[in-house]
Amino acid sequence: MLNKTDKGRAELQPGQRTLGQRERAVLLVADGRKATASLQALFGGLGAEIVRELLAQGYIVDETPPAPATAPEPAAGKGSVDAFSGPRSLASARMFLFDLSERMFAPRDKALALQFREALREARDAPAMLVVSREMLVAIERLAGPGRADAISERLAKLLPESALEGA
């Protein structure tokens with residue numbers, strides 16, 4: 001399990017931009033709960049090199065607990081094809097979208113970033129947040145291409161509560 005160091009947390013503060021977008025993305029999800037392999041698999045497998053660099057530069061640390069002598073039996077019904085282990089909630093999705101607005105739009109189009117921030121502040125329920133997220137995905141596709149928009153859409157789907165996705 002990889003986790004941010006103080007140096008890593010400082011890098012994610014506003015005004016701190018010494019790392020590239022991919023490095024910051026890996027740093028952002030290094031929270032001590034996700035398996036190291038899931039971070040290494042990011043960006044079509046390029047995440048492994050990014051993780052090595054972040055470890056070497058002191059932005060993250062490996063806090064993997066020692067393996068038990070025997071592996072415990074997996075709980076029935078707990079298995080999932082989805083390796084995401086974070087909390088599914090509107091709050092998580094909202095924070096992801098706020099961060100996304102800052103990273104994707106603020107440097108390029110401050111007015112659009114402000115528009116999305118205001119829309120997210122007003123989105124009080126799942127349907128309203130889904131409307132804003134769709135608008136953001138259209139803008140991302142225009143700016144960064146369909147591949148980037150698809151990747152962000154998949155990540156968002158892992159954050160939203162399953163009940164919100166059923167109505168989408």
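Refer to the structure presented above.
Residues numbered from 1 in each chain as written. Predicted model: local features only at pLDDT ≥ 70, side-chain atom pairs only at ≥ 80, totals over all residues. Heavy atoms only, no water.

Looking at the overall build of the protein chain
Helices and strands together make up the secondary structure of the protein chain, namely nine helices and two strands. The order of α-helices and β-strands along the protein chain, N terminus first, is β-α-α-α-α-β-α-α-α-α-α. Within the span of the protein chain, comprising 168 residues, buried residues form 35% of the whole. Pairs at least 24 apart in sequence give 66% of the contacts found in the protein chain among residues at least 6 apart. For the protein chain, the exposed area adds up to about 10000 Å²; of that, 57% sits on carbon and sulfur atoms. (Helix = DSSP H or I, 4+ residues; strand = E, 2+ residues; numbered from the N terminus. Buried < 20%, exposed > 50% of the residue type's maximum accessible area, 1.4 Å probe, protein only. Contact = heavy atoms within 4.5 Å. Areas by Shrake-Rupley, 256 points an atom, 1.4 Å probe, with all protein chains shown as cover.)

Thoughts on the packing of helix 7 (residues 126–144) against helix 8 (residues 146–159)
With their axes 7 Å apart at the nearest point, helix 7 and helix 8 run at an angle of 150° to one another. As the angle between them shows, helix 7 and helix 8 are arranged roughly antiparallel. Residue-level contacts link S133, L137, I140, E141 and A144 of helix 7 to P146, R148, A149, I152, S153 and L156 of helix 8. Here the residues of the contact of helix 7 with helix 8 are counted per class, giving seven nonpolar, two polar and two charged. (Axes fitted to C-alpha atoms, helices over the stretch in contact; angles between N-to-C directions. Parallel < 35°, antiparallel > 145°, perpendicular 65-115°, else oblique. Nonpolar A, V, L, I, M, F, W, Y, C, P; charged D, E, K, R; others polar.)

Digging into the layout of surface pockets
Taken as a whole, the second largest pocket holds about 170 Å³ of empty space. Looking at the second largest pocket, the residues that line it are L12, Q13, P14, G15, R17, R24, A25, L28, D99, E102 and R103. For the lining of the second largest pocket, the secondary-structure elements that each account for two or more residues are helix 2 (21–29) and helix 5 (90–105). Within the lining of the second largest pocket, the residues separate by chemical class into four nonpolar, two polar and five charged. (1 Å grid on protein atoms, 1.4 Å probe; cavity = no way out; pocket = protein on both sides within 12 Å on 5 of 7 lines; lining within 4 Å. Points joined across faces, edges and corners; volume = space filled by probe spheres on them.)

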